[in-house]
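# Understanding the architecture of this molecule
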Amino acid sequence: MASTKILVVEDEVIVAKTIISQLNQLGYMVTDTASSGAMAIAKVTETQPDLILMDIVLKGTMDGVTAAAQIRELVDIPIIYLTAYADDSTLQRVKATHPFGYIVKPFTADDLRVAVEIGLFKHQVARELQDNRDQLATLLRSMSDAVIATDAGGVITFMNPAAEALTEWQQDEALGQAVTTVFQLIDEVTETPAENPIAKVLTSQQVSYLDNFTALVTKTGTHIPIGDRASPLKRLSGEVLGAVVVFWDMSDLRQSELLSQALAKEKELNQLKSQFVSTVSHEFRNPLAIIRTAAELLEKQPNLTETQKNAYLQRIKTSVRSMNQLMEDVLFIGQAEADRLVFQPAPLHLEQFCQDLAEEFSMFEGSSHSIVFSSQGASQNACMDERLLRYVLTNLLSNAIKYSQPSTTVQLILRIDPAQQTATFLVQDQGIGIPESDQTRLFDSFFRAANATLIQGTGLGLAIVKRCVDAHSGQISLTSKVGIGTTISVILPLDLAA
C-alpha cells in the first residue's frame, strides 16, 4: 500500500491539505496536487500516479468530469471523484467517464481508504479481464477458419481475417450489419437461398450445421462452397447473448474425386470445432462468473474484513490463472497440430527434476493427497527438453490428483535403464480408473472418458502429453481398471542429442 502513488485534484487549499494528511496517515504517497483541470492533465504525465482523486468543481473553464474524460483518453489510470454534489445530472456525466469510485463530501479517512482500495482493486480486475479478452480475440483472429459473431439480434459484432477473405467484406464495413447481409448462403444444386445458420441458432438456441452442398455468396457475387457450424453464446443463466459461426472454404474438396471421404473428414472436424467452442466457452464462463461475483461483493460490501477481501482476491487470481492455462493449452495444441512445436533438448538431472516437481505438487496441490517419488537405477544426467517434460509430468500428476479420492497416494517413479539408454516415468494413482472402451481415444484432443464428464476438465491434458512424448521420440502407454486406479508409463531416450 505504501508504494501506491496518488494525485489529488482539489481547488480548495484547506480541503486538499486535509486529504493529503489523511492519505499520508493511511500509508499512501501523494505525488502532487492540482487545482484545475488543465493542471491535472499536465501532472498526470509528469508524476504518473497509480490513482487520481478528482474534485468535480474546479477552478477555470474545465471541471473535473471534463478533465477526467481527457485523462482517460491519454492513460489508463483509475479515477475516484470527490464532490459535494450527488444530483442525477452530475451522476450521469460522471458515469460517462467510467470512474472507479465516487465519494460525497464530507468523508472520513476510513471512507477514503475504502474508496481507494476498492478503486485500485476494480482497476486491477478490469485490466486482467481486458488482457484475457485480448488473448481470446488474438486466438480467434489467428484461426485459419473464418469466424463471425453476432449479438442477439443477428447484428455482426466480430469478424476475423479469414472471414474477411472469404466473404470479401472488411470488418469495419461489416460491423453493425445484419448477418444475413454479409453471410448469404445458397444451395449449390438449386441455387436457391439456403437457411442462415445464425438465424436458426438464435431461434432454436441449439447448435446448427450447414446442409451439404451449401455455398457462400461473396460481396462480389462469387459462389464459394463452404462447411460450417453455428453455436449460441449464452450467459450462465441461459440468456442468449448472440451466436458465432465458424466456416471454411470447401472448393478443393468439391473438386476432389474422394469427395465422400473428404465430407466425412469435414464432419469429424465439425465435431472437433464444436467441442473446441463449447469447451472454451464453458471453461471461460465459470472463472469469469467467479471474478464478476467477487468484484461485485467487494464493491457492494465496503465493511469486509481484510481476510474476506483477500479470500475474494484469491478467487479472482485463481480464476485468471485458470483462463490463462486454458489459453496456453489451446495454443500449445495449435502449435503441435501445425508442426511448429519447439523441441530443445539440453542436459537435465532427471532424479533432481522429478524430486523437485513432486515437492512442488505437495506444496501447491494441497495436503489431501500424498505425492511419493522414488527412483530406481543409477542416477545420471539425460538430454531432454525440460519444458516439454514438465508438461508431461505436470499433466499426469494433475490428472492423478484430480481423478483420485482425497487422502490417497499418488506415486511418481523414475526407472533408469543404462543398457537400453532409456528413462521410464510411471505415474500411479488409486482413482476412478478409465473404461477399457475409452482407452484407445484417450490421447485425442478434447476427448474425455465416459466416467469423467462430471469432473471439470478440457480433454487437452493427455493430448498435450502425447505430443510432448512424440517430440522426444518416446512411447506412452497405460493400464487402468475402473474403481481401482491408473498407471501411465512414459519411456524416453536418455540422450536425445546423440
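To start, this report covers the structure provided alongside it. None of the values given here were measured: they were computed from a predicted structure.

### Description of the overall build of the protein chain
Counting its regular elements, the protein chain contains 15 helices and 19 strands. Taking all 498 residues of the protein chain together, 46% fall into the buried category. In the protein chain, the proportion of contacts linking residues at least 24 apart, taken out of those at least 6 apart, comes to 63%. Here the protein chain displays about 25,100 Å² of accessible surface, and carbon together with sulfur accounts for 51% of that area.

### Here we look at unusual backbone geometry
Leaving glycine aside, a negative phi is the common case for residues, and trans is the common case for peptide bonds. Backbone torsion omega between Lys105 and Pro106 reads -5°, so that peptide bond is classified as cis. By secondary structure assignment, the location of Pro106 is in the loop between strand S5 (101-104) and helix H5 (109-142). Phi at Gln205 takes a positive value of approximately 60°, unusual for a residue other than glycine. Counting through the fold element by element, Gln205 comes out in the loop between helix H9 (197-204) and strand S9 (208-209). We classify Gln205 as partly exposed; its relative accessible area is 34%. Positive phi, normally seen in glycine, also occurs at Gln421, with a value near 55°. Assignment of secondary structure puts Gln421 in the loop between strand S16 (409-417) and strand S17 (422-428).

### Here we look at the sheet that holds strand S3 (residues 51-55)
Taken in spatial order, the five strands line up as S2-S1-S3-S4-S5 in an open sheet, and their pairing is parallel. Sheet topology places strand S2 (29-34) and S5 at the edges, where each strand pairs with a single neighbour. With direction set aside, neighbouring strand axes in the sheet form an average angle of 20°. Across five bridges, the pairing between strand S1 (residues 5-9) and S2 is parallel. By the bridge assignment for S2, Leu7 is matched with Asp32.

### Digging into the environment of Glu195
Of note, Glu195 is situated in the loop between strand S8 (184-187) and H9. Relative accessible area serves as the criterion here: at 55%, Glu195 is assigned to the exposed category. The spacing of Glu195 and Thr180 is 15 residues in sequence and 9.6 Å in space, taken between C-alpha atoms. Once residues lying within four places of it in the same chain are set aside, the contact partners of Glu195 are Leu185, Lys200 and Leu210.

### A closer look at the pattern of salt bridges
As enumerated under the stated definition, the model contains nine salt bridges in all. Notably, a salt bridge pairs Glu239 with Arg235, separated by 3.1 Å at the nearest N-O pair. For Glu239, a relative accessible area of 43% gives the class partly exposed. With relative accessibility at 38%, the residue Arg235 sits in the partly exposed group. Ionic contacts of the salt-bridge type, sharing partners, join the residues Glu10, Asp55 and Lys105 into one network.

### Focus on the pairing of strand S18 (residues 475-481)
Burial along S18 is one-sided: Ile476, Leu478 and Ser480 are buried, while Gln475, Ser477, Thr479 and Lys481, pointing the other way, are not. Taken together, the seven bridges between S18 and strand S19 (residues 485-493) define a ladder with antiparallel strand orientation. Of the residues in S19, the one forming a bridge with Ser477 is Ser489. Linkage of S18 to S19, two consecutive antiparallel strands, is achieved through a turn of three residues, within which Gly483 is found at a positive phi near 85°.

### Focus: the packing of helix H2 (residues 37-47) against helix H3 (residues 64-74)
Contact pair H2 / H3: the axes reach a minimum separation of 9 Å and the direction vectors enclose 20°. In terms of axis orientation, H2 runs roughly parallel to H3. You can see that H2 and H3 cross each other, and the crossing is right-handed. On H3, the residues touching Gly37, Ala40, Ile41 and Val44 of H2 are Ala67, Gln70, Ile71 and Leu74.

Parameters at a glance
Residues numbered from 1 in each chain as written. Predicted model: local features only at pLDDT ≥ 70, side-chain atom pairs only at ≥ 80, totals over all residues. Heavy atoms only, no water. Helix = DSSP H or I, 4+ residues; strand = E, 2+ residues; numbered from the N terminus. Buried < 20%, exposed > 50% of the residue type's maximum accessible area, 1.4 Å probe, protein only. Contact = heavy atoms within 4.5 Å. Areas by Shrake-Rupley, 256 points an atom, 1.4 Å probe, with all protein chains shown as cover. Pairing = 2+ DSSP bridges. Axes fitted to C-alpha atoms, helices over the stretch in contact; angles between N-to-C directions. Salt bridge = Lys/Arg side-chain N within 4 Å of Asp/Glu carboxyl O. Parallel < 35°, antiparallel > 145°, perpendicular 65-115°, else oblique. Left-handed = near helix turned anticlockwise from the far one by under 90°.

None of this, on its own, says anything about what the molecule does.
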